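Chain and residue survey
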Amino acid sequence: DGGITQSPKYLFRKEGQNVTLSCEQNLNHDAMYWYRQDPGQGLRLIYYSQIVNDFQKGDIAEGYSVSREKKESFPLTVTSAQKNPTAFYLCASSNPGTARTNTEAFFGQGTRLTVV
Amino acid sequence: AQKITQTQPGMFVQEKEAVTLDCTYDTSDQSYGLFWYKQPSSGEMIFLIYQGSYDEQNATEGRYSLNFQKARKSANLVISASQLGDSAMYFCAMRPTYSGAGSYQLTFGKGTKLSVIP
């Protein structure tokens, strides 16, 4: 079945360590996104990518890095520079829309990252 | 820049009643799409309904309808005949629909937590 796969579902990180969250899609979507969600909060955009080898910073990119070497894959690295990384991370993908077509984003199941 | 505002942090509705979740937006784009998503406690994001900025009729999908008032920049979600399974977070989102840099940026509001009372 087509969809987006995030792994792992739960991740524990020691302070000072970098960790990488995986996101793979087989929907042939051009765009991929990473969002951070804190308890009771909305989704804040970290990075997004419209095409391979290109990505843009979102609203809260500091302390995070991404790569887009393949259309299917958009891994997110949470670096030690991210001061408060404990959160729920959601990956999504979509295609562009036109004024009259629906192109909703599809989401993975999320990764819950906890710093210990 | 796009901005989505959801002013209701939490809402309660009696089972089988209708409920309206508010969403206002701000954008300088002429062509854009508006989306509503549902997030149950499991964390998955479920797409509910879409409205294009040039659509003249309000979108409907089963028990969900979108009350789109373009001049007021509002896109309220109406859920009819609420069910216990509707208890969840609901997010309004928007994205421009032009080509070029920034055209894929998908912006979310902070969400509304809906609780359906038996």
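Before reading on, note that the structure itself is shown above.
Every value quoted in this text rests on a predicted model; they were computed, and no experiment measured them. (Residues numbered from 1 in each chain as written. Chains lettered and ligands numbered in written order. Predicted model: local features only at pLDDT ≥ 70, side-chain atom pairs only at ≥ 80, totals over all residues. Heavy atoms only, no water.)

**Notes on the interface of chain B and chain A**
Our working rule: Contact between two residues is taken to exist if any of their heavy atoms lie within 4.5 Å; hydrogens are not considered. Joining two parts hides part of their accessible area as seen by a 1.4 Å probe, and the buried area is that hidden amount summed over both. Any carboxyl oxygen of Asp or Glu that lies within 4 Å of a side-chain nitrogen of Lys or Arg is treated as forming a salt bridge with it. Polar contacts here mean pairs of N or O atoms no more than 3.5 Å apart (in protein, one a potential hydrogen donor and the other a potential acceptor; neighbouring residues in sequence count only if both atoms are side-chain atoms). Only runs of H or I of at least four residues qualify as helices and only runs of E of at least two qualify as strands under DSSP, and these elements are numbered from the N terminus. By the convention adopted, Pro, Cys, Tyr, Trp, Phe, Met, Ile, Leu, Val and Ala count as nonpolar, Lys, Arg, Asp and Glu as charged, and the other residues, Gly among them, as polar.
If you look at the interface, chain B gives 25 residues, while chain A gives 28 residues. Buried area between chain B and chain A, summed over both chains or domains, comes out near 2,200 Å², and the portion from carbon and sulfur atoms is 52%. In this structure, the connection of chain B to chain A is made through zero salt bridges. The interface formed by chain B and chain A includes six residue pairs in polar contact (both at pLDDT 80 or more). When contributions to the side of chain B that touches chain A are tallied by element, the ones reaching two or more residues are β5 (32-39), β6 (46-52) and β10 (88-96) of chain B. By residue class, the composition of the side of chain B that touches chain A is 11 nonpolar, 10 polar and four charged.

**Observations concerning the pairing of strand β8 (residues 64-69) of chain B**
Residues and elements named next belong to chain B. Applicable threshold: The rule is simple: take the accessible area with a 1.4 Å probe, protein chains only, and divide by the maximum for that residue type; under 20% is buried, over 50% is exposed, in between is partly exposed. At least two DSSP bridges between two strands are required for those strands to pair.
Residues of β8 alternate between two faces, with Tyr64, Leu66 and Phe68 buried on one and Ser65, Asn67 and Gln69 left unburied on the opposite face. Direction of pairing for strand β7 (residues 60-61) relative to β8: antiparallel, over a ladder of two bridges. Looking across to β8, one finds that Glu61 is bridged to Tyr64. Connecting β7 to the antiparallel partner β8 that follows it, the hairpin turn spans two residues, and Gly62 within it adopts a positive phi of roughly 60 degrees.

**Thoughts on the state of the cysteines**
Residue and element names in this part refer to chain A. As a reminder, the rule being used: By disulfide we mean two sulfur atoms from cysteines, separated by a distance within 2.5 Å.
Here the structure, examined in full by the defined rule, presents two disulfides over all chains. With its sulfur 1.9 Å from that of its partner, Cys23 forms a disulfide with Cys91. Disulfide Cys23-Cys91: the torsion about the S-S bond is -75 degrees, which places it as left-handed. With Cys23 in strand β3 (residues 19-25) and Cys91 in strand β9 (residues 87-94), the pair connects residues that are 68 residues apart, well separated along the chain.

**Considering the sheet that holds strand β1 (residues 4-7) of chain A**
All names here are of chain A. Put simply, the test is: Here, axes are lines fitted to C-alpha atoms. For helices the fit covers the stretch in contact, and angles between N-to-C directions go from 0 to 180 degrees.
The antiparallel open sheet is built from four strands, whose spatial order is β1-β3-β8-β7. The open sheet terminates on both sides in strands that have one partner only, identified here as β1 and β7 (64-66). Neighbour-to-neighbour, the strand axes of this sheet turn through a mean angle of 20 degrees, independent of strand direction. Examined bridge by bridge, β7 and strand β8 (residues 76-78) share three bridges and lie antiparallel to one another. Its bridge partner lying in β8, Val66 is registered against Leu76.

**Looking at the packing of aromatic side chains**
The way to describe two aromatic rings as a pair is by their centre distance and the angle between their planes. The test is simple: Pairs were defined over the aromatic rings of Phe, Tyr and Trp, the Trp ring being its six-membered one, requiring ring centres within 6.5 Å. Orientation was assigned from the angle between planes: stacked under 30 degrees, edge-to-face over 60, tilted for the rest. By definition here, charges over rings are those cases where NZ of Lys or CZ of Arg is within 6 Å of the ring centre and within 35 degrees of the ring normal.
All chains considered together, the criterion is met by 14 aromatic pairs over all chains. One aromatic cluster is present, formed by Tyr33(A), Tyr35(A), Tyr48(A), Phe107(A), Phe35(B), Tyr37(B), Phe47(B), Tyr50(B), Phe91(B) and Phe108(B) through successive ring pairs. Here Arg68(A) stacks its cationic end above the ring of Phe74(A), 6.0 Å away from the centre of that ring. Here the guanidinium or amino end of Arg63(B) rests over the ring plane of Tyr64(B), the centre of that ring lying 5.7 Å away.

**Regarding unusual backbone geometry**
A cis amide bond links Ser7(A) to the next residue, Pro8(A), at an omega of -10 degrees. Along the polypeptide, Pro8(A) turns up in the loop between β1 and β2 (10-13). A positive phi angle, close to 80 degrees, is found at Lys16(B), a residue other than glycine. Tracing the chain through its elements places Lys16(B) in the loop between β2 (10-14) and β3 (19-21). Taking the relative accessible area as the measure of exposure, Lys16(B) reaches 68% and is therefore exposed. Despite not being glycine, Ala81(B) has its phi angle at roughly 45 degrees, a positive value. You can see Ala81(B) is positioned in the loop between β9 (74-79) and β10.

**Here we look at the side chain of Ser94(A)**
One can find Ser94(A) in strand β9. Given the relative accessible area of 0%, Ser94(A) is considered buried. Residues within four places of Ser94(A) in sequence aside, it is in contact with His29(A), Asp30(A), Ala31(A), Tyr33(A), Thr103(A), Glu104(A), Ala105(A), Arg95(B) and Tyr104(B).

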